[in-house]
Amino acid sequence: MNEVLRIAVQKSGRLSEDSLKLIKECGIRFDSGAGKLKTAASNFPAEILFLRDDDIPGYVEDGVAHIGIVGENVSVETNREVDTVHRLGFSKCRLSIGIPRGVPYTSIHDLDGKSIATSYPRLLGTYLAENGVSAQIHEISGSVEIAPSIGLAEAVCDIVSSGSTLLSNGLQEVEVIFRSEAVMIASRNLNGTQQNLLDQLLFRIKSVQTAKN
Ligand code: ATP
Ligand code: ZN
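Calculation rules
- Residues numbered from 1 in each chain as written.
- Chains lettered and ligands numbered in written order.
- Predicted model: local features only at pLDDT ≥ 70, side-chain atom pairs only at ≥ 80, totals over all residues.
- pLDDT = per-residue confidence, 0-100.
- Pairing = 2+ DSSP bridges.
- Helix = DSSP H or I, 4+ residues; strand = E, 2+ residues; numbered from the N terminus.
- Axes fitted to C-alpha atoms, helices over the stretch in contact; angles between N-to-C directions.
- Domains from an automatic or database assignment.
- Contact = placed C-beta atoms within 7 Å.
- Near = placed C-beta within 6 Å.
- Nonpolar A, V, L, I, M, F, W, Y, C, P; charged D, E, K, R; others polar.
- Core = buried A, V, L, I, M, F, W, Y, C linked by C-beta atoms within 7 Å.
- Buried ≥ 20, exposed ≤ 12 C-beta atoms within 10 Å, placed from the backbone.

## Considerations on the confidence of the model for the protein chain
If pLDDT is low for a region, its predicted coordinates should not be looked at in detail.
Item 1. Taken over all residues, the pLDDT of the protein chain has a mean of 96, while the share at 70 or more is 100%.
Item 2. Scoring of the predicted complex yields 0.95 for pTM and 0.97 for ipTM.

Printed below as a string of structure tokens:
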């Protein structure tokens, strides 16, 4: 069991396809049949665990998974004791503040005394503190963009890629607070075999990335 590298990937979502593609491009073969929670690779001592992305940093910290692929936004927000060992270059997005369109905005200080809905209270709190802004953070787990229109908050802080979700909810993007991409995180308690397997995998990932550039 300890002679196998356990890799956590998102079960279903925006990271899943590219995470599995990367592992396959490294020449690792596995059966990712629908609904599976775990699968063993056939030609490399690895197992793949399919999890919710938010749970991946915790599993890696605990060593249940040895490494994981997750958005840097989630890795920073969950604040687990893990190492970021490689940046993967996919699932690029930004964490931004949006306010209702038409509301004038000159600087982050316009948010002083306002309430902001977000699923990223830690990242937002850090940014506000760094800028000396005191605002109320309302933590909600989903559908953040509707908060202003239902009177729950005056602004939102959420993941943006094209900006169309903000637009369709009558919001304008006014501050980018964090830029994210998928990263590989690793447990701090790998044994020699696991570290060696991770090094082999990283070597293959770097070769794949070099070949693409
Ligand atoms: P889960 O059910 O696993 O909790 P989720 O709904 O929280 O999934 P997704 O929407 O699948 O998460 O997003 C996973 C990660 O992909 C995000 O944390 C972020 O790093 C990245 N991401 C989110 N939205 C986009 C986007 N529009 N474009 C590119 N990457 C994105
Ligand atoms: Zn999630």
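So much for the structure itself; the text now carries on.
## Some details on the sheet that holds strand β1 (residues 5-10)
Item 1. With mixed pairing, six strands are arranged side by side in an open sheet as β2-β3-β1-β4-β11-β5. Edge positions in the sheet fall to β2 (38-40) and β5 (83-87), since each has one partner strand and no second. Here the strands of the sheet are splayed against their neighbours by 25° on average, with no regard to which way each runs.
Item 2. Taken together, the three bridges between β2 and strand β3 (residues 46-51) define a ladder with antiparallel strand orientation.

## Topic: the domain arrangement of the protein chain
Item 1. Split into domains, the protein chain comes out as domain 1 (5-91 + 181-212) and domain 2 (93-180).
Item 2. Taken together, the contact pairs eight residues of domain 1 with eight residues of domain 2.
Item 3. Per-element accounting of the side of domain 1 that touches domain 2 gives the leading share, four residues, to helix α3 (residues 72-78).

## Considerations on the site of ligand 1
Item 1. Around ligand 1 there are 15 residues in total, and Gly13, Arg14, Gly71, Cys93 and Ser161 lie nearest to it.
Item 2. By residue class, the composition of the shell around ligand 1 is four nonpolar, seven polar and four charged.
Item 3. Taken together, domain 1 (5-91 + 181-212) and domain 2 (93-180) each give at least three residues to the shell around ligand 1, which thus spans both.

## A closer look at the environment of Tyr59
Item 1. If you trace the backbone, Tyr59 turns up in helix α2 (residues 56-62).
Item 2. On a C-alpha basis, the gap between Tyr59 and Ala8 in space is 8.2 Å, while along the polypeptide they are 51 residues apart.
Item 3. When neighbours within four sequence positions are excluded, Tyr59 is seen to be in contact with Ala8, Leu51, Val64, Ala65 and Gly68.

## Considerations on the pairing of strand β6 (residues 93-100)
Item 1. As judged from the eight bridges shared by β6 and strand β10 (residues 171-180), these two strands associate in the antiparallel manner. Paired with Ile99 across the strands is Gln172, a residue of β10.

## Quick word on the nonpolar core
Item 1. Within the largest apolar cluster, 30 residues are counted, with the highest numbers of intra-cluster contacts made by Ile7, Ala8, Val60, Ala65, Ile67 and Ile185.
Item 2. Broken down by secondary-structure element, the contributors of at least two residues to this core are β1, α1 (16-25), β3, α2, β4 (67-71), β11 (182-186) and α6 (192-212).
Item 3. For this core, the leading source of residues is β11, giving five residues.
Item 4. Excluding residues that lie within four positions of it along the chain, Val60 makes contacts with Ala8, Ala65, Ile67, Gly68, Arg80, Val82, Ile185, Ala186 and Ser187.
Item 5. Listed in part, the 20 residues of the second largest apolar core include Leu95, Ile116, Leu124 and Ile159.

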